[in-house]
Amino acid sequence: MLRRLLLAASGSDRVRRLVTSAPYARGVVGRYVAGDDAAEAVEAARQLLRRGLLVSLDYLGEDTADPELAAAVAGEYSQLISRLAAAGLAAGGRAEVSVKPTAVGLGLPDHGYKTAAENISRICVAAREAGTTVTLDMEDHQHVEATLRLVADLRREFPDLGCVIQSGLRRSASDCAELAQPGSRVRLCKGAYRAPDSAAFTARGEVDRSYVRCLRTLLRGPGYPMVATHDPRLISIAAAQAGLAGRGADSFEYQMLYGIRPAEQQRLAAGGAAMRVYLPYGRDWYSYLVRRLAERPANLAFFLRSLTSTR
Ligand code: FDA
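Before going into details, it helps to say that this report is about the structure given with it.

1. Observations regarding the packing of helix H4 (residues 38-50) against helix H5 (residues 67-86)
At a minimum axis separation of 10 Å, H4 and H5 run at an interaxial angle of 45 degrees. Regarding the angle of H4 to H5, the classification is oblique. The element H4 and its partner H5 pack so that their crossing is right-handed. Taken together, the residues of H5 that come into contact with H4 (itself represented by Ala-38, Ala-39, Val-42 and Ala-45) are Glu-76, Leu-80, Arg-83 and Leu-84. Considering only residue class, the contact of H4 with H5 consists of six nonpolar, no polar and two charged.

This is the structure:
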């Protein structure tokens, strides 16, 4: 219930203004966000890679309402990839990028699909030249169909373009079955967006059971599964199922968000697993932060205390 309320409140301009102008908000944001610009993000990536972790960088922003801004987001990604390559961090996909389709134009009323496809292609070309990969994030349930179509269309030219499946959606088991193909990179997460009951499971247990079903399909298939969760039970299940499927440590990876369970990230990497950290940066952090607060009430209490703090 709290999660639903928070996600609903995130659409309010008043709440957004209140949160983004609060003097201590920046301190809390710093727990989840690598910095304001590409230079800070590349430095944070370097530190993570040095500790044996892999990285996927996300330039924060979504629901871009203007084609020129959407092109500028693609430009930011291309420059970020060049910086990663120049720093020797991109080769072999050690640092890759995650892109929200609506940030590069998918939600535009005119030619949204075409604009997003062109912008993502630009980013994929830059990534290919740098020896790394691109993964398309999954957003609101209304964008799932178009996002999966983008992935199918663009994979003809960029076969290593990755995508995300949200186990909270009822359709996801069948999407996983379709995506379990050779070379297909699929990140499996629970889902961070609100969706109507007709499209999504409501009980946490149902979302988890769906996660396990999707996981089994992906791990038994010929693709490259990316197990994105902080949930200790699902991580154990993934490890057991990967063993049953005969998968080696280099044939799938775990993924977690920057700032969440860092000790567990390190433990998995130290045990020989491929462990990738999702690393967001940029000034447009508000919607991302609200989703992180909604995932865990304790975070919300901490955040509210920091907003009202006089220190
Ligand atoms: P769950 O929420 O049950 O958390 C399990 C445990 O993890 C908690 O008990 C707590 O210990 C810890 N934890 C989880 N969230 C926390 C938080 N915010 N702060 C502190 N501790 C926390 N979603 C989406 O809809 N589209 C996408 O493209 C992506 N992409 C993505 C990439 C990667 C790499 C990850 C890890 C996640 C995403 N997500 C996402 C978010 C995902 O859908 C989900 O909302 C979060 O991962 C939280 O779900 P868990 O699976 O961690 O389980």
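What follows picks up the thread again.
2. Focus on the site of the ligand
Residues in contact with the ligand amount to 26 residues; listed here are only the nearest, Gly-191, Thr-229, His-230, Glu-295 and Asn-299. Backbone polar atom of Met-138 to a nitrogen atom of the ligand: 2.7 Å apart, as the coordinates give it. At a separation of 2.9 Å, an oxygen atom of the ligand approaches a polar side-chain atom of Arg-204. Contact with the protein chains hides 88% of the accessible area of the ligand, taken as 930 Å² for the molecule alone. Sorting the residues of the shell around the ligand by element identifies helix H3 (25-32), strand S4 (162-166), strand S5 (185-189), strand S7 (253-257) and helix H12 (286-295) as the ones contributing at least two each. For the shell around the ligand, the element with the most residues is S7, which contributes three residues.

3. Comments concerning the side chain of Glu-62
In this structure, Glu-62 sits in the loop between strand S1 (54-59) and H5. Accessibility expressed as a relative area gives 19% for Glu-62, which makes it buried. Within polar-contact distance, the side chain of Glu-62 engages the side chain of Arg-291 at 3.1 Å. Aside from chain neighbours lying at most four places away, what touches Glu-62 is Lys-100, Thr-102, Ala-103, Glu-139, Tyr-193, Asp-284, Ser-287 and Arg-291.

4. Some words on the sheet that holds S7
Where strands meet in a sheet, backbone hydrogen bonds hold them as pairs that are either parallel or antiparallel. Sheet architecture is closed into a barrel: eight strands sit in the order S1-S2-S3-S4-S5-S6-S7-S8, paired in parallel fashion. Neighbour-to-neighbour, the strand axes of the sheet open up by a mean angle of 30 degrees, direction not taken into account. Sheet analysis places S4 next to S5, joined by four bridges and oriented parallel. Paired with Val-164 across the bridge in S5 is Arg-187. Along the sheet, H4 makes contact with S1, strand S2 (95-99) and strand S8 (275-281), crossing S8 at roughly 165 degrees.

5. A word on the packing of aromatic side chains
The tally for this structure, following the rule as stated, stands at four aromatic pairs. The interplanar angle of 70 degrees and the centroid separation of 5.4 Å between the aromatic rings of Phe-252 and Tyr-254 together place this pair among those described as edge-to-face. Between Tyr-278 and Tyr-288 the ring centres are 6.4 Å apart and the planes differ by 10 degrees, which places this aromatic pair in the stacked class. In this pair, Tyr-278 is assigned in strand S8 and Tyr-288 in helix H12, connecting sequence segments 10 residues apart. Tyr-278 gets classed as buried once you look at its relative accessible area, which sits at 8%. Feature note: the residues Tyr-59, Tyr-77 and Tyr-281 constitute an aromatic cluster, connected by ring pairs. For Arg-149, the ring lying beneath its charged end belongs to Tyr-113, and the centroid distance is 4.3 Å.

Rules and cut-offs
Residues numbered from 1 in each chain as written. Predicted model: local features only at pLDDT ≥ 70, side-chain atom pairs only at ≥ 80, totals over all residues. Heavy atoms only, no water. Axes fitted to C-alpha atoms, helices over the stretch in contact; angles between N-to-C directions. Helix = DSSP H or I, 4+ residues; strand = E, 2+ residues; numbered from the N terminus. Parallel < 35°, antiparallel > 145°, perpendicular 65-115°, else oblique. Left-handed = near helix turned anticlockwise from the far one by under 90°. Contact = heavy atoms within 4.5 Å. Nonpolar A, V, L, I, M, F, W, Y, C, P; charged D, E, K, R; others polar. Near = heavy atom within 4 Å. Polar contact = N/O pair within 3.5 Å; in protein donor to acceptor, adjacent residues only side chain to side chain. Areas by Shrake-Rupley, 256 points an atom, 1.4 Å probe, with all protein chains shown as cover. Buried < 20%, exposed > 50% of the residue type's maximum accessible area, 1.4 Å probe, protein only. Pairing = 2+ DSSP bridges. Phe/Tyr/Trp six-rings, centres within 6.5 Å; stacked < 30°, edge-to-face > 60°. Lys NZ or Arg CZ within 6 Å of the ring centre and 35° of its normal.

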